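Examining the three-dimensional arrangement
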Amino acid sequence: MNELLFDPETHRKAGRLLGELLANYEIDLSNQSVFPQINRDAMQAILTEPFPEEGKTLEELFQEFREVVVPNSTHVAHPRFLPYVLPSSNGISAFAEALASTLNQNCNLWTLSPAANAIEQRVISWFHELFSFPKGSGGIITSGGSMANLTALAAARDTYLGNSARTEGIQGRTSPLRLYVSEQVHNSVDKAAVILGLGLNHVCHIPCDPQFRIRMDLLKEAVLRDRREGFSPFCVVGSAGTVTTGAIDPLDALANFCGEEHLWLHIDGAYGALAILSERMRAQLLPAGRAHSLSLDPHKFLFTSLEAGCVLVRRAEDMRSTYSFIPSYLSMVSDTDFLNYAEYGPQLSRSFKALKVWWSLRAYGRKTYAKAIDNLCDLAAYMGERSQAEPELELMAPVTLNAVCVRCRNLTDSQNERVLARLLSEGIAFLGRAEVKGKFCLRACFMNLRTTGEDVDRILDEMIRFGQEELRN
Ligand SMILES: Cc1ncc(COP(=O)(O)O)c(C=O)c1O
């Protein structure tokens, strides 16, 4: 047997070691500090290890993982890890990942991945159903929201450019393309604009209302002014969950406006779109299905492990126009039951990410997701209410989804920064940083399935205590 392969007994042993590791990790989690006491010697040993000439045993590898990798890792699954839109992953994902690796399907051509192809199609069509996308819509699983935004905006650009998209691109145009976003847009959209050659000077950041939603009046003014001045407005990006405060742009108004002005509407719902699984959020998020394209992240509100994003596009053909290249060495067989995903996105080789999304949905179902999302929004609402009730704290933005921006009222920005740093260094909580209304604040984004109201109380109590100490010093 080839030495790179495992015999059946070794497979079983590796499976047992993996199962034990997962179970023990779960049990130990709450006793760990959120951020590790990094063992610099252990890190140096990794950084300077010579290229391995000989292999190690399975036991040695697992032992090293337990003793070196785990204790020097940030415990994203810890109940008080709340800095980003980064959830603890659900139980099933780790196993789906292992199985996806076992089959090692290449999800580019359907002939290399028939069952995976059907699974990806079904997952995408379930997402279409959630948002009432029409027949003929397309979509693809991506590595995350950033890639979903980039994938969609390339299709938007090329649809605008039409026949010259492939041959001329944006070279030589006298009327620059213009993209409209709110001031609260996620930086992945700016990044995509740069990658697509639009240039940041042609990304118009429209101011927001007091709820951090794009100002429609200012958007209209900007588009009309730019047209008069000889620019080519082609696309508006709305947010279903802005990264700082979780605000949801007026999606219906955006869809109406883009319809009237013949602009592509992309909704960045990487953060919030899948909160549509909650009945409470459904009405507000449903109009995202009126967009030309929508990003959503299963590795956020479906709690799959990293990486799993997704982009839906209203006309599948618009994706093919951008992404379909058929080199002669690939035998792309067409079949009415299957799609060649290589024609719908930038990647050729693609892993079987759809499995963990499919299994997550089927293992838990909509009702369980609705409960989990509602619970996280309730925790955020509770933190928001307590922050408002505490005279020493200041809630900086309305709580719409599951993000809370709060600061110690009587402290300067740098004192608030120190409070944030102490929460982390004393192993209490890992919160994020944000700037709201020109002030520094601490941000808790409730994505963690283990967080409770007691964790919220502990964080706020410690914030108040550290704030008082800052004032005394
Ligand atoms: C609104 C929004 N868009 C895009 C992204 C980028 O998503 P990803 O990290 O999956 O690339 C994020 C990440 O938090 C986000 O909140």
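Quick note: structure is the one above.
The sections below set out a description of the structure shown in this document.

Parameters at a glance
- Residues numbered from 1 in each chain as written.
- Predicted model: local features only at pLDDT ≥ 70, side-chain atom pairs only at ≥ 80, totals over all residues.
- Heavy atoms only, no water.
- Buried < 20%, exposed > 50% of the residue type's maximum accessible area, 1.4 Å probe, protein only.
- Helix = DSSP H or I, 4+ residues; strand = E, 2+ residues; numbered from the N terminus.
- Pairing = 2+ DSSP bridges.
- Disulfide = S-S within 2.5 Å.
- Expected span 1.5 Å × (residues − 1).
- Contact = heavy atoms within 4.5 Å.
- Axes fitted to C-alpha atoms, helices over the stretch in contact; angles between N-to-C directions.

Strand β8 (residues 309-313) sits mainly inside the fold: 5 of its 5 residues count as buried. Where burial is concerned, the two faces of β8 agree: the one with Gly309, Val311 and Val313 and the one with Cys310 and Leu312 are both buried. Alignment of strand β2 (residues 138-142) against β8, held across 5 bridges, turns out to be antiparallel. Paired with Ile140 across the two strands is Val311, which belongs to β8. Here strand β7 (residues 293-296) runs beside β8; their pairing, made up of 4 bridges, is antiparallel. The partner of Leu296 across the bridge, within β8, is Cys310.

Here the residue pair Leu306 and Glu307 is connected by a cis peptide bond, since its omega of 0° sits within 30 degrees of zero. One can find Glu307 in the loop between α12 (298-301) and β8. Positioned with a positive phi, Ser132 is a non-glycine residue whose angle comes to about 55°. Among the structural elements, Ser132 can be located in the loop between α5 (114-131) and β2. What makes Ser132 exposed here is its relative accessible area of 51%. One non-glycine residue with positive phi stands out, namely Phe212, at about 65°. Following the sequence through the fold, Phe212 ends up in the loop between β4 (203-206) and α9 (216-228).

We now examine the state of the cysteines. A complete count under the given rule lists 0 disulfides for this structure. We note that Cys258 lacks a disulfide partner, and the nearest cysteine sulfur, in Cys235, lies 7.5 Å from it. No disulfide involves Cys445; its nearest neighbouring cysteine sulfur is the one of Cys405, lying 9.2 Å away.

Below, the discussion takes up helix α6 (residues 145-161). Taking 1.5 Å of rise per residue, 17 residues should cover 24 Å, and α6 covers 24 Å from first to last C-alpha, within 8% of that figure. Of all the 17 residues making up α6, 13 are buried; the element is thus mostly covered by neighbouring parts of the structure. One or two residues past the end of α6 sits Gly162, with phi positive at roughly 70°.

As a further point, take the sheet that holds strand β1 (residues 81-82). Pairing within the open sheet is mixed, and its 5 strands lie in the order β1-β11-β12-β10-β9. The two strands at the open ends of the sheet, each matched to only one other strand, are β1 and β9 (393-395). Bridge analysis of strand β11 (residues 430-436) against strand β12 (residues 439-445) gives 5 bridges, and the strand direction is antiparallel. Residue pairing across strands places Glu435 opposite Phe440, the latter belonging to β12. Strands β9, β10 (403-408) and β12 of the sheet are contacted by helix α14 (residues 354-389), whose axis makes an angle of about 25° with β10. In this fold helix α16 (residues 453-472) packs onto β1, β9, β10, β11 and β12, with an angle of close to 25° to the strand it touches most, β10.

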